[in-house]
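# Examination of the molecular architecture
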Amino acid sequence: MKAIKVGLLGIGTVGSGTFHVLRRNQAEIKGRAGRGIEVTMVCRRDLAQARQIVGDADVVVTADPFEIIRNPEIDIVVETIGGCDLARSLVLEAIAQGKHVVTANKALLAVHGTEIFAAARAKGVMVAFEAAVAGGIPIIKALREGLTANRIEWIAGIINGTTNFILSEMRSKGLDFATVLKEAQRLGYAEADPTFDVEGVDAAHKLTLMSAIAFGVPVQFDKAHVEGISQLQAADIKYAEQLGYRIKLLGLTRRRDTGIELRVHPTLVPMSRLIANVEGAMNAVVVQGDAVGTTLYYGKGAGAEPTASAVIADLVDITRLHTADPDHRVPHLAFQPDAMSDTAILPMAEVLTSYYLRLRVADEAGVLSRITTILAEHDISIDAVLQRESNEGERQTDLIILTHETQEGRMNRALAQMQGLNTVLAPIVRLRKEELA
Ligand code: NDP
Ligand code: HSE
């Protein structure tokens, strides 16, 4: 059978990885897909760079991505340009032209996914996005197909390598955030503008996609609670460790009776959990299903070839299903369109979690009792308390409190009251804690 023809929109890190792995492993990939998968067109503005990447391969190089999309010979378009505006136009145009799309672009799908999947459904084409979440880890496949028997209860993931690297370095070397961020940029982990990574936005994009697939709800990035690590202090990482916890930037989505939690924030995780020991730029996702129990997926969340591994898996899937009746393909978001749910994403005030609090307090009689009274008045139960011995002559100290699970709104009210005490000397640090049991 004739090879299926692929056009790469963007041949940077992911595009070039895809190009090279496809060529290197072409015989095995063909054996699995049932026919060859050939890149015949690539696009980037820097044509010399593009030509250098494709070498002597028989590939058309262009600076105009629409030239690829409008070429009737191309069956599948791979979007690895990134960003939202141009990528959205390209993907919608490719769909309109009847082409299948593979994309690594989580920002695009988290924000415009509903529109894109609807357009693809109407046109009977596939939009595949394994590479958009956790790079080389086949988590989309696992959620959409491998775990299809389960009612998913929750997902917790370390889904941003840059921030996990920063947190690992802060913990192991006792360094502050700004110092480690510079090191991450020097090593090429963090972008020159690392905002999306360190402020949790990239992780929230990925979490939004996993949540949609797990619970059969539309992608709703705008409803996600997003908090990054830029305000995290080395002292809290140290105290957490003394209490048996590691701090990770977790993406967490959980089904509750009242709705779905969708949140990204620094989180204390018991050191005994495997996910707490995922270090450096690695990613990991824990999925809790009612039948299977807990499953864990670990691997590289970024990089040319790990991400290419996911892009090519999608290319193989599309090649296999290319001729199938669209109604018999795997639905984009795991559930058939008429089985999607309108379960609401819960506002953060209704989220249930437990807390780590650090209060800078005057070291005098009655301080602890006033604070615990406020917590008791709000029906918040204390799990553990740690008070650092104050330094000679300092007359103030850090008070660390771990609580049991409570509602965020309730904790907000208690925090406001505690912050008003004249013996609380600095803004209270509040971090969330998850046992992931
Ligand atoms: P790169 O910046 O390395 O590559 C982007 C490519 O697109 C370049 O070849 C660039 O070439 C080309 N490009 C950009 N704008 C245009 C344009 N207007 N017209 C034509 N070509 C253009 O990005 P990555 O490969 O790192 O990322 C691509 C996507 O994959 C993003 O959505 C990213 O979030 C996602 N992703 C990346 C991962 C990674 O490890 N890097 C992991 C998982 C997902 P030129 O500038 O010459 O035009
Ligand atoms: N910036 C992302 C990360 C790349 O650090 O994980 C992969 O999406």
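- With an unreviewed UniProt entry as reference, the protein chain is termed Homoserine dehydrogenase, source organism Kinneretia aquatilis.
- The Sequence similarities (unreviewed entry) field of the UniProt record for the protein chain holds the comment "Belongs to the homoserine dehydrogenase family."

### Some words on the sheet that holds strand β4 (residues 76–79)
- Taken together, the six strands give an open sheet; going across it, the order is β3-β2-β1-β4-β5-β6, and neighbouring strands pair in parallel fashion. One side of each edge strand has no neighbouring strand; the edge strands of this open sheet are β3 (60–62) and β6 (127–128).
- When strand β2 (residues 37–43) meets β3, the two strands line up parallel, connected through three bridges. Paired with Val42 across the strands is Val61, a residue of β3.
- This element, helix α3 (residues 47–54), spans β2 and β3 of the sheet and lies at about 155° to β3.
- In the packing of helix α13 (residues 304–321) onto the sheet, the strands contacted are β1 (4–9), β2, β4, β5 (100–103) and β6, and the crossing angle to β5 comes to about 165°.

### Quick look at the UniProt feature "binding site: L-homoserine" (unreviewed entry) in the protein chain
- Mapped onto the present numbering, the UniProt feature "binding site: L-homoserine" (unreviewed entry) falls on Glu191.
- Within the secondary structure layout, Glu191 lies in the loop between α9 (177–186) and α10 (195–198).
- Once residues within four sequence positions are removed from consideration, Glu191 is found in contact with Gln185 and Asp197.

### Observations concerning the site of ligand 1
- Residues in contact with ligand 1 amount to 20 residues; listed here are only the nearest, Thr13, Val14, Arg44, Arg45 and Gly303.
- A distance of 2.8 Å is found between an oxygen atom of ligand 1 and a side-chain nitrogen or oxygen belonging to Arg44.
- Protein coverage of the free-state accessible area of ligand 1, which is 870 Å², stands at 76%.

### Concerning helix α11 (residues 201–215)
- Over its 15 residues, α11 extends 21 Å from the first C-alpha to the last, a length consistent with the 21 Å expected when each residue adds 1.5 Å.
- Of all 15 residues that make up α11, 15 are buried, and the element is covered over most of its length.
- Phi turns positive, to about 65°, at Gly216, one or two residues after α11.

### Structural notes on the nonpolar core
- Core analysis: the largest hydrophobic core is formed by 78 residues, its most contacted members being Phe129, Ile139, Leu143, Ile166, Met210 and Val287.
- In this view, Val287 contacts Ile139, Leu143, Leu147, Ile152, Trp154, Ile155, Gly293, Thr294, Thr295 and Tyr297; residues no more than four positions away in its chain are not counted.
- Residues Val6, Leu22, Val59 and Val316 belong to the second largest nonpolar core, which totals 33 residues.

### Comments concerning the environment of Leu22
- Its location among the elements puts Leu22 in helix α1 (residues 13–24).
- Once the C-alpha coordinates of Leu22 and Ser309 are considered, the two residues, 287 residues apart in sequence, prove to be 9.1 Å apart.
- Residues in contact with Leu22, not counting those within four places in the same chain, are Ile29, Ile37, Val39, Ile312 and Leu315.

Conventions and cut-offs
Residues numbered from 1 in each chain as written. Chains lettered and ligands numbered in written order. Predicted model: local features only at pLDDT ≥ 70, side-chain atom pairs only at ≥ 80, totals over all residues. Heavy atoms only, no water. UniProt positions renumbered as here; feature names shortened; annotations may be inferred. Pairing = 2+ DSSP bridges. Helix = DSSP H or I, 4+ residues; strand = E, 2+ residues; numbered from the N terminus. Contact = heavy atoms within 4.5 Å. Axes fitted to C-alpha atoms, helices over the stretch in contact; angles between N-to-C directions. Near = heavy atom within 4 Å. Polar contact = N/O pair within 3.5 Å; in protein donor to acceptor, adjacent residues only side chain to side chain. Areas by Shrake-Rupley, 256 points an atom, 1.4 Å probe, with all protein chains shown as cover. Expected span 1.5 Å × (residues − 1). Buried < 20%, exposed > 50% of the residue type's maximum accessible area, 1.4 Å probe, protein only. Core = buried A, V, L, I, M, F, W, Y, C linked by side-chain atoms within 4.5 Å.

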